[in-house]
Amino acid sequence: MDPRFRGDAGEGLMPVITDSKVLKDAIAALKGADFVAIDTEFARRNTYYAKLCLVQVAGAGQAFAVDPLAPGLNMKPLLKLLKSRKILKVFHSAREDVEVIYHSLGVMPKSLFDTQIAASLLGYGAAVSYAGLLETLTGLALDKTQRYSDWRKRPLRPEQIEYALADVIHLREIYAILSRELQVKNLNKTAKLTMKKLLERKRYANNPKLAWEKIGSRSMSDTEIKRLKKLGAWREKKAQEIDIPRQWVVKDILLRKIARLGKNFPEMLERDKELQSLFRENKVSRRFLDELEELMQ
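Residues numbered from 1 in each chain as written. Predicted model: local features only at pLDDT ≥ 70, side-chain atom pairs only at ≥ 80, totals over all residues. Heavy atoms only, no water.

Peer 1: Outline the pattern of salt bridges, listing residues and values.
Peer 2: Charged atoms that come close allow side chains of opposite charge to pair. According to the stated counting rule, one finds 16 salt bridges in the structure shown. A salt bridge links Glu200 to Arg203, with the shortest nitrogen-to-oxygen separation between them at 3.5 Å. Look at the salt bridges and you will find they share partners, linking Arg44, Arg95, Glu96 and Glu99 into a network. (Salt bridge = Lys/Arg side-chain N within 4 Å of Asp/Glu carboxyl O.)

Peer 1: So what's going on with the pairing of strand E4 (residues 63-66)? Residues and values would help.
Peer 2: The side-chain alternation of E4 yields two buried faces, one formed by Ala63 and Ala65 and the other by Phe64 and Val66. Taken together, the two bridges between strand E1 (residues 16-17) and E4 define a ladder with parallel strand orientation. In the sheet register, Ile17 faces E4, and the bridge partner there is Val66. For strand E3 (residues 51-58) and E4, the ladder comprises four bridges, and the chain directions are antiparallel. Each residue of the ladder has a partner; that of Ala58, found in E4, is Ala63. (Buried < 20%, exposed > 50% of the residue type's maximum accessible area, 1.4 Å probe, protein only. Helix = DSSP H or I, 4+ residues; strand = E, 2+ residues; numbered from the N terminus. Pairing = 2+ DSSP bridges.)

Peer 1: Tell me about the layout of surface pockets, and name the residues and values.
Peer 2: What the largest pocket holds in volume is close to 810 Å³. In terms of lining residues, the largest pocket is bounded by 27 residues, among which Glu41, Glu96, Arg147, Tyr163 and Asp167 are the most central. Of the residues forming the lining of the largest pocket, the biggest block, six residues, is contributed by strand E2 (residues 35-43). Here the second largest pocket is characterised by a volume of approximately 360 Å³. Along its surface, the second largest pocket is lined by 13 residues, and Ile27, Ala28, Lys31, Lys80 and Ile87 are the ones closest to its centre. Residues that form the lining of the second largest pocket fall into these classes: seven nonpolar, two polar and four charged. (1 Å grid on protein atoms, 1.4 Å probe; cavity = no way out; pocket = protein on both sides within 12 Å on 5 of 7 lines; lining within 4 Å. Points joined across faces, edges and corners; volume = space filled by probe spheres on them. Nonpolar A, V, L, I, M, F, W, Y, C, P; charged D, E, K, R; others polar.)

So, in structure tokens, the structure goes:
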């Protein structure tokens, strides 16, 4: 085994890969593995799409992290691993990880196992946390001190790296336990069918036409809902286009108010102090005032 990539729990040698040759070697060392545990760290603070900051990988006796922010790093070996149907990719609560991988790296992982889904099928809880499941199955308590780290900053601190790699190192143990229990309880087929749904690209498309459903339309008339659909689609496209959170473009409360006002919106903006206040609170929304007025014509 290449000593650069050893990753037993508690071991101090836990590298972050920033070099293309080292990444190629690390992925090559996983050849023939039945499964790998994978986790990600990302930032979702001032952008529409989450920014991938770290990818952690653990095989049977090795663990390493890949820095996708490293200049010039050739990610092709990792992409090949993610797309491989021969090696099972084990995640916990995979949806966000799959989403950020899909949007940041442009690939949809193949052959996936989600320990949260498996745990739910086995009666450990509908949405059991990684820390809770780890403690239940192994008795180990997870160190959460780095949970809210800013993963965009470089260099990463040793405690951040240790925290990030601990997730995939222990995820191997969780997978081994849950996969055996699924086998014993004859739930493998059900688990596979449920997990397969996580790989449907439409789940991560953020279709602008459906954006209005997340805004809330309670007590709205059919006409107002029709306007809200138009506004919701416009906002979603705008947020994607300039890569900022949708609430920064125009807040939900303001979209609902505009949908109710319709053609009266421009006139009411001159008289309604509450409406004026909403626009003052969100400086970004002021940039789109002309477009909003046009949409209501």
